[in-house]
Structure formats: structure tokens, C-alpha cells
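Observations on the model geometry
What follows is the residue order along each chain.
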Amino acid sequence: MKTPKFIFVTGGVCSSLGKGIVAASTAAILKSAGLKVAVMKLDPYLNVDPGTMSPFQHGEVFVLEDGAETDLDLGHYERFIDTPLSNLCSVTTGRVYSEVLSEEREGKYLGGTIQVIPHITDKIKSKVELAAKKMGVDVLVAELGGTIGDIEGEPFLETIRQLKSKYGTDVLCQHVTLLPYLAGSNELKTKPTQISVRELRRMGISPDVIFCRADMRIPKKLLRKVSFFCDTEEEAVIPAETVDSIYEIPLRFQKSGLGDIVARKLGLGKLKFRLKEWEKGIERMKKAKEEIFIGLAGKYNELDDAYLSVIEAAKSAGFHLDKRVRIEWIDAEKIEDKDPEELALLERVHGVIVPGGFGNRGTEGKIQVAQYCREHGKPYLGLCLGSQIMAIEFARNVLGIQDATSEEFDEEKKSKNHVIHFIPGQRKIRKKGGTMRLGAYPALLTKGTKARKLYGEDKISERHRHRYEFHNKYRERFEKEGFLISGVSPDRSLVEIVEIKDHPFMIGSQFHPEFLSRPFRPHPLFRGFLEAILKQSKSKKA
Ligand code: GLN
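Right, let's walk through the structure included here. Within every chain, residues take consecutive numbers counted from 1 along the sequence as written. This being a predicted model, a pLDDT of at least 70 is required before a residue's local features are given, and a value of 80 or more before pairs of side-chain atoms are given or counted; all residues contribute to the totals for chains, interfaces and linings. In computing side-chain values, all of the structure's heavy atoms are included and hydrogens and water are not.

Some points on the overall build of the protein chain
To be explicit about the condition: Helix and strand labels come from DSSP, where a helix needs a run of H or I of at least four residues and a strand needs a run of E of at least two; each type is numbered from the N terminus. In this treatment the radius of gyration is a C-alpha quantity, and the globule benchmark scales as 2.2 Å times the residue count to the 0.38 power. Only protein chains enter the accessibility calculation, which uses a 1.4 Å probe; a residue whose area is less than 20% of its type maximum is buried, one above 50% is exposed, and one in between is partly exposed. Only heavy atoms matter for contacts: two residues are in contact if any of them lie within 4.5 Å across the pair. Accessible surface area values rest on a Shrake-Rupley calculation with a 1.4 Å probe, where residue burial reflects the displayed protein chains alone.
For the protein chain, the helix and strand inventory stands at 19 helices and 23 strands. For 542 residues, the compact-globule estimate of 2.2 N^0.38 gives 24 Å, and the protein chain sits close to it at 25 Å. Along the first, second and third principal axes, the C-alpha set of the protein chain runs to 75 × 65 × 45 Å. Counting over 542 residues, the protein chain shows a buried share of 58%. Taking contacts inside the protein chain between residues at least 6 apart in sequence as the whole, the part at least 24 apart equals 72%. Surface summary for the protein chain: the accessible area is close to 23800 Å², and the carbon and sulfur share equals 50%.

Some remarks on the side chain of Asp-138
Here is the rule: By the criterion applied in these results, polar contacts are pairs of N or O atoms within 3.5 Å in which, for protein atoms, one can donate a hydrogen and the other can accept it, and in which residues neighboring in sequence qualify only through two side-chain atoms.
Here Asp-138 is to be found in the loop between helix 5 (116-135) and strand 6 (139-144). Of the polar contacts made by the side chain of Asp-138, one reaches the backbone nitrogen of Lys-36; its length is 2.6 Å. With near-sequence residues (within four places) excluded, Asp-138 lies in contact with Lys-2, Pro-4, Lys-5, Leu-35 and Lys-36.

What to know about the side chain of Lys-123
Structurally, the position occupied by Lys-123 is in helix 5. Judged by its relative accessible area of 13%, Lys-123 is buried. Reaching out from Lys-123, the side chain makes a polar contact with the side chain of Glu-103 at a distance of 2.7 Å. If we skip the residues at most four places from it in the chain, Lys-123 touches Val-96, Glu-99, Val-100 and Glu-103.

Describing the site of the ligand
Filter applied, for reference: Here, proximity means that at least one heavy atom of the residue falls within 4 Å of the molecule or strand. Classification convention: Asp, Glu, Lys, Arg as charged; Ala, Val, Leu, Ile, Met, Phe, Trp, Tyr, Cys, Pro as nonpolar; all other residues, Gly among them, as polar.
The full set of residues close to the ligand is Gly-356, Gly-357, Phe-358, Cys-384, Leu-385, Gln-388, Glu-408, Arg-465, His-466, Arg-467, Tyr-468 and His-512. Gln-388 is positioned such that a nitrogen or oxygen atom in its side chain is 3.1 Å from an oxygen atom of the ligand. Tyr-468 places a polar main-chain atom, nitrogen or oxygen, 2.9 Å from an oxygen atom of the ligand. In isolation the ligand has 300 Å² of accessible area, and contact with the protein removes 99% of it. Going through the elements one at a time, helix 16 (385-397) and strand 19 (459-466) are the ones with two or more residues in the shell around the ligand. Here the shell around the ligand is built from residues that sort into four nonpolar, five polar and three charged.

Examining the sheet that holds strand 12 (residues 291-296)
This is how the line gets drawn: Only strands joined by at least two bridges in the DSSP assignment are considered to pair. Note on method: axes are straight lines fitted to C-alpha atoms, helices fitted across the in-contact stretch only, with angles between N-to-C directions ranging 0 to 180 degrees.
Here nine strands make up an open sheet; going across it, the order is 13-12-14-15-23-22-21-18-19 and the pairing mixed. For this open sheet the edge positions go to strand 13 (324-329) and strand 19, each flanked by a neighbour on one side alone. Along the sheet, successive strands turn relative to each other by an average axial angle of 30°, direction set aside. As judged from the four bridges shared by strand 15 (residues 380-383) and strand 23 (residues 506-509), these two strands associate in the parallel manner. Bridge pairing links Leu-383 to Ser-509 in strand 23. The sheet contacts of helix 15 (residues 363-376) involve strand 14 (351-354), strand 15, strand 22 (495-500) and strand 23, and relative to strand 14 the element is tilted by about 145°.

Take it as geometry only, folks, not as evidence of what the structure does.
Structure representation (C-alpha cells):
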């Protein structure tokens, strides 16, 4: 088997420059030429994985097929390259150290002194090599989190240096920096970039390609200046100017010749890049003018990153239907307090998404949101927690089970009706903070349901991240009153999708469809949700 090529993406000057998008775009360009690619994230923080990190601080937890809980950048990677990634693609300092330390406890180092170099760097190296090998790729793109100069990043930079010295021209280093604008002199400045590259050099790494971020057009002469001072080929200094949509970036980079530069430097031969699908997709996005307002009733209001995949999925479905989705944040706690402005907002939005979530906060308000949507025929899409909310609302207000709730919300065990509960027998493995039902599981769809129609197939596979489930003892009562179980696990023991009969669109999934939505191929549930909204607004206009 031929050896894979490696591309490392580092960032300098400051954080939030979009290194993840640079990594994903580079990979997307290479994939368009028929190469097998994967993208991995090297995260210098000490958490073992992002599973327990607060979405407040760190954005959403993205879940892979194999159940790995990862940084939201992995979501960008999958959306850009449309290839399922694996837990091998997410490496943190915490994981690296915990493996090295447990090996030390097992006596694997035979009493030797354990050091950052070589033990930690060897472990990182083996993880990068393993990811490339197991994913069977031609090119592995690896993004290093953080900014050059971060203490935590140093072992990773040293590893990149070692890999470069081991694999030579099979390794390419890309560096993303910022050209800040100074209003006083009305110019973009290159000095921070020069210093950042100098810092990179101090670690033994010379960038082969530099991406210059700026919020305005970068004059050619500045790109030349960066090239001159940073000793990087002129054509390999790529402008990365802010654009309306991140999905324009592969096209922009390719216009600057990125694919050919990478192919030449890595010795990939003559490649033919085919970005037609991207061009068509962007054209469509630009054409979409009419707006659809979607209420998002989550816990982390106004925090786009906490619901990144949900928002991306809704937008993609919108563009697919030539519409522009606008997110309106609905504060469930305000709904609970009967705040008139919030209630008016709920009335105004065209449809509501209740996304995934954990814990009790705002749940009563979300139940009221679900009730409003059910009673007023407003399209509702419940994702994981949102589907559980739907069941609780139905139990209380249609079946008359006043104390219906989820075991999760009832710590004091006051209710006799946990319509959502821990599965008996799995209690031990699903302790709080411990194992959840994670990753892709198959589900069978019920004939005649909306869900079955939308998917267009009987058997699906979707990604999960939850502890609680619909309680089977209530199934019959629910179904009798029009709360349909439209999808179940293959052994029929778990409820996977539910829907309200005779409602324009009220569907809840126990899984997270947003993780499988792609920019130019929206997920059937999101598409169906928006189609239902459009149908309503057409009939209102008529
Ligand atoms: N908290 C709920 C559960 O654990 C829902 C989880 C989620 O929405 N991801 O089942």
C-alpha cells in the first residue's frame, strides 16, 4: 500500500480564524479530484474528550457513527467532505496523557523515565499514523487546535516537526493567520503574520502554504510581502477573505489555485478538480431571498455554536427549497413565565425546533411550546429531548396523565408516570456522566407514516446521544389517540421516531438527524419540516 500524505493546519495571531474550515476546504478540494481523504483534529486541551464540556464554552458536541463525542469541528469536516469519520480522528492532550500514563502503570515502559519527548510525541505520532492507515486515505488533513504560542500546543508542534523529518515531502504544513486592519493608516498589517511564522519556525516548522484572513480584499502586494518575509512561495500565500457563507471557501481557495499547489508540493500528480456540486450549491444559496423564521427553543440562547449542526441542517434544507432560514431564539423559561413578547414570538415564527438537551431547565416552557404547536397546527421538529418533550406534552394534555414527565426531570421521584425513562436492565451502564446510547443505530420505519414517506425507505441509520427512552408500557395508549410510533429499533424494543397524526408536521426523533445533514443534501426530516411550513404559508396566501 502506498504511504499516505499528511497536511497539518496550524493557526497564528489569534483564535477563531477558521482553521477548521481551511482544513475541511483543503480536504474537500482534494476529494473533488477523486482522492480518499479524512480530516482529524488534534486538540491541545486536557479534557479526554469534549463529551463533558459545556456547550456554553465549547459549542455543540458532535457525534460520529462510532459514537465518539467530538469537537464541533468534526461536524464541519464531515459536512465538507461528506465522509464519515471515526474516533481516531479526534485526539486530545487528555487522551494522549491518559493512555501514556496507564501504559506506565502497566509497566510497559520498563521503569524508564517518561518524558514529553519522546513518549508523548510518539503517542501523538502513532495516533496520526493510525488514523491515516485505518481510514485508508490518500491524504490525511490534521488541524491543530489553539494558536501558535499556546503552551499546550508545543508537544503537537514538535510531533509535526518529527513527522516532517520522517516523511519529508509527503508532509505539507499550512498556516492560517490574520492580517489586522488599522483604520488610522487604512491598511492591513502583515507584521503579526511574520511574527507568527517566526514562532512556528522556532518550533522547527516552515509553512508551505499560508492563508491570510482579512475582513476585506487583500491587495496583491501584501500577499507578496507575506511571501517575501515568510519565505513561502508567492502563489502559496492564499487570501482567505471573509465571505457570506463558509461553503464558498473551497471555491475561493480553488480559484487561488490551492488544489494544484497542494498536488505539486505533495507529489500527487496531475489532478482534475471537480467542484461543480459546490458551484451549483452556492448559486442556489445566493438566489434564495424569501425568509422562513424558525423558532429554536433551546437552553443556550443566542449561542449559535451550541446548536451548530441543527442550524446548518435547517439552513441547508432552506436553500434546497430556495429559502433563507432565519433563526429566532425562543426562551423557554420566558414562555414558562407567560412573557407576552415571547408568546408573541412563538406565534409569529413559521415553525419550531426543540433541540437536544440535558437537565431540567426550561422543560416546562418547552412542554408549553409543544402544546402550542400541537394545538395550533404549527410545524414542530423535536430532536432527541425535543421528541421526549413531545411525548410528555401529549401524555399530559391529550391522555390526561397529569404527572407525566421524564425520569430525568424528576429527581425526587414524585411522579408515577415516567413516560420517558431509563431502560430497565441498562441502568448500570447508563449512569449519569457515564455511558450513554451513543452513535449510529438502525431503525425501522412504520408504513403509512409521514416519517416513512419522507425518508423513502424502510430501514435507516441515525446517530444517537441520550440516556432516556420512551416507556413502552404507554405505547398503546399513545397510538390510540393519534401519537404514532413511526420508527422503532430493529428488535422493536426502542421508540426511535414519533409523530402526531393529522398534524401538518409534528415529528420527534430520539436520534439527532442534524449530524447527517449535508450542505447540498439536506436531511429528510429537516426538508419535510420546511416543506410543511411552505405548504402552510402558500395556503395562507391563497
Ligand atoms: N436528556 C435526554 C436524554 O438523555 C435527551 C438527550 C439529548 O437531547 N441529546 O435522553
